[in-house]
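Results of the structural survey
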Amino acid sequence: MEEVLNLTGCTGTVSQLNYSGSTQNISSRVYNAVGFVLVHAGAGYHSESKAKEYKHVCKRACQKAVDRLRAGAMALEAVTAALIELEDSPFTNAGTGSNLNLCGDIECDASIMDGKTLDYGAVGALTGIKNPILVARRLLNEAQKGKLSAGRIPPCVLVGIGAQQWALSHDIPPCPPEKMATKFSLSAYRRNKRKMEQAEKMDTMCNPSKRRRQSSGTVSEIMVGHGEHMSASLDTVGAIVVDQEGNVAAAVSSGGLAMKHPGRVGQAAHYGCGCWAENARDARPYSAAVSTSGCGEHLMRTMLARECSTAMQTEDAHQALLEAMQNQFIGSPFLASEDGVLGGVIVLRCCRCGEDQTSDNFQALLVEFLWSHTTESMCVGYMSTHDSKARTHISRLPPGAVAGQSLAIEGGVCRLGNKND
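Our subject in this report is the structure included herewith. (Residues numbered from 1 in each chain as written. Predicted model: local features only at pLDDT ≥ 70, side-chain atom pairs only at ≥ 80, totals over all residues. Heavy atoms only, no water.)

1. Side note on the packing of aromatic side chains
Taken as a whole and judged by the stated rule, the model has 7 aromatic pairs. Aromatic pair F369 and Y382: ring centres 4.8 Å apart, planes at 45°, arrangement tilted. Of the two residues, F369 is situated in strand β13 (residues 364-373) and Y382 in strand β14 (residues 377-384); the sequence distance between them amounts to 13 residues. We classify F369 as buried; its relative accessible area is 0%. A network of ring pairs unites the aromatic residues F36, F369, W371 and Y382 as a single cluster. (Phe/Tyr/Trp six-rings, centres within 6.5 Å; stacked < 30°, edge-to-face > 60°. Helix = DSSP H or I, 4+ residues; strand = E, 2+ residues; numbered from the N terminus. Buried < 20%, exposed > 50% of the residue type's maximum accessible area, 1.4 Å probe, protein only.)

2. Observations concerning the side chain of T236
Its place among the elements puts T236 in the loop between α7 (219-223) and β8 (237-242). Under the relative-accessibility criterion, T236 is labelled buried at 2%. Within the local environment of T236, its side chain forms a polar contact with the side chain of S254, the two groups lying 3.0 Å apart. Contacts of T236, omitting those with residues within four sequence positions, involve H40, A41, G42, N93, V252, S253, S254, Q267, T292 and S293. (Polar contact = N/O pair within 3.5 Å; in protein donor to acceptor, adjacent residues only side chain to side chain. Contact = heavy atoms within 4.5 Å.)

3. Details of the pairing of strand β16 (residues 408-417)
The element β16 is extensively covered by neighbouring structure, given that 9 of its 10 residues are classed as buried. As defined by bridge partners, β13 adjoins β16 across 10 bridges and the pair is classed as antiparallel. Bridging across to β16, A364 finds its partner in G417. (Pairing = 2+ DSSP bridges.)

4. A look at the packing of helix α9 (residues 304-311) against helix α10 (residues 317-330)
It is the contact of α9 with α10, at a shortest axis distance of 9 Å, that shows an interaxial angle of 145°. Two packed elements cross with a definite hand, and for α9 against α10 that hand is right-handed. On α10, the residues that touch L304, E307, C308 and A311 of α9 are A320, L321, A324, M325, Q328 and F329. Here the contact of α9 with α10 is built from residues that sort into 8 nonpolar, 1 polar and 1 charged. (Axes fitted to C-alpha atoms, helices over the stretch in contact; angles between N-to-C directions. Left-handed = near helix turned anticlockwise from the far one by under 90°. Nonpolar A, V, L, I, M, F, W, Y, C, P; charged D, E, K, R; others polar.)

5. A short note on the side chain of S384
Assignment of secondary structure puts S384 in strand β14. A distance of 3.1 Å separates a polar atom in the side chain of S384 from the backbone nitrogen of H386.

6. Some remarks on the environment of S293
As for its position among the elements, S293 is in strand β11 (residues 287-294). Note: C-alpha distance between S293 and V345 (52 residues apart in sequence) is 6.3 Å. A polar atom in the side chain of S293 sits 2.8 Å from the backbone nitrogen of A43.

7. A word on the state of the cysteines
Under the defined criterion, the tally for this structure stands at 0 disulfides. The thiol sulfur of C62 is not disulfide-bonded, and the nearest other cysteine sulfur, from C58, lies at 6.6 Å. Classification of C62 by relative accessible area gives buried; the value is 0%. Residue C275 stays outside any disulfide, its sulfur separated by 9.8 Å from that of C273, the closest cysteine. (Disulfide = S-S within 2.5 Å.)

8. Overview of the nonpolar core
If you look at the biggest cluster of nonpolar residues, it comprises 51 residues, and the most contacted ones within it are F36, L38, V242, C308, L321, V345 and V367. Residue contributions to this core peak at 7 residues, all from α10. With near-sequence residues (within four places) excluded, L38 lies in contact with G238, A239, I240, I346, V347, F369, L370, W371, V380, G381 and Y382. Within the second largest apolar cluster, 44 residues are counted, among which are V79, A110, I129 and V135. (Core = buried A, V, L, I, M, F, W, Y, C linked by side-chain atoms within 4.5 Å.)

Listed below in structure tokens is the structure:
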């Protein structure tokens, strides 16, 4: 059975956010395998006019992952399937439709982690590849084969032209840049470039010393005071999965900040920052997986993905995530100079519910899933193998909350029957 909990979300100095959910419609079918997926289409700003498109792509991503889980696939394969669907959507800032950098090019970051083996693969500032997550996944797979010739250590992270050349040499097909850009991303680039040029012209007239910094500003800095949403360009995508054996996996993919400097690598390619997955072992009672979104520099300086995974080892998952977001992110000493801290996470943790947790005859998998964000909104979707369809939701800060200074937190619990039911 899957049930959405009525969780109380803390919003810092403003009023509380209450989320009321209802019991999911559970399909009467009996599946040979069980599992659960939670995806996000980014923490940023999701307009009401595009809410339907964001929700639709989350539903498709969930369905792709669940189809793999029902067929007996492991978490790593299922999370890859979800990410490909998210990257292929023209509405997300990942793969097709990614933000363009200062030079008008698309450079993507992506990473993936296997909670069972703890293996990791990532790419940064990758151009000319339709699905960056496939390169990250291939890096992970190749590393599992062991050392290269002459005892060389295989890479787990590649960037720029080296990442592209490696992908092509491993039979991942190239994609012409014009096919990855969309009418929306090109229009946004031209609009942002005009505003940036206007802002720089005004700044230079008022303060000539600012010329040296013109090429390093982000679109968020440029947009402030122009009536734009500060968090509109932060919509990285990601997914986390648990399979029938209780293995977890996590992945994340991003086109990065709009108008970023060429060669900039965001959190989606950084270890412990974009995603994290780790099975229960030794002193870890829970398996946990995390995928992040938001301002990459904020997420990198706090290593938020790994921090949230570590926090999940306490008894109360909701309270643990709340404290992690408050203390390790909004209140982090590494971000003390920031006026607003922008980011979001999806988190999954699970444990076996039977008395003999080492046996294949355990009663069920108990999955707790949560999302939290300091941005104006975050779009998520989730689905178990018992469900007939995915459920989607756009979480928003309540009226009066200040993005970057407040947070929302919501989630639920899913109990999965064992694979022999």
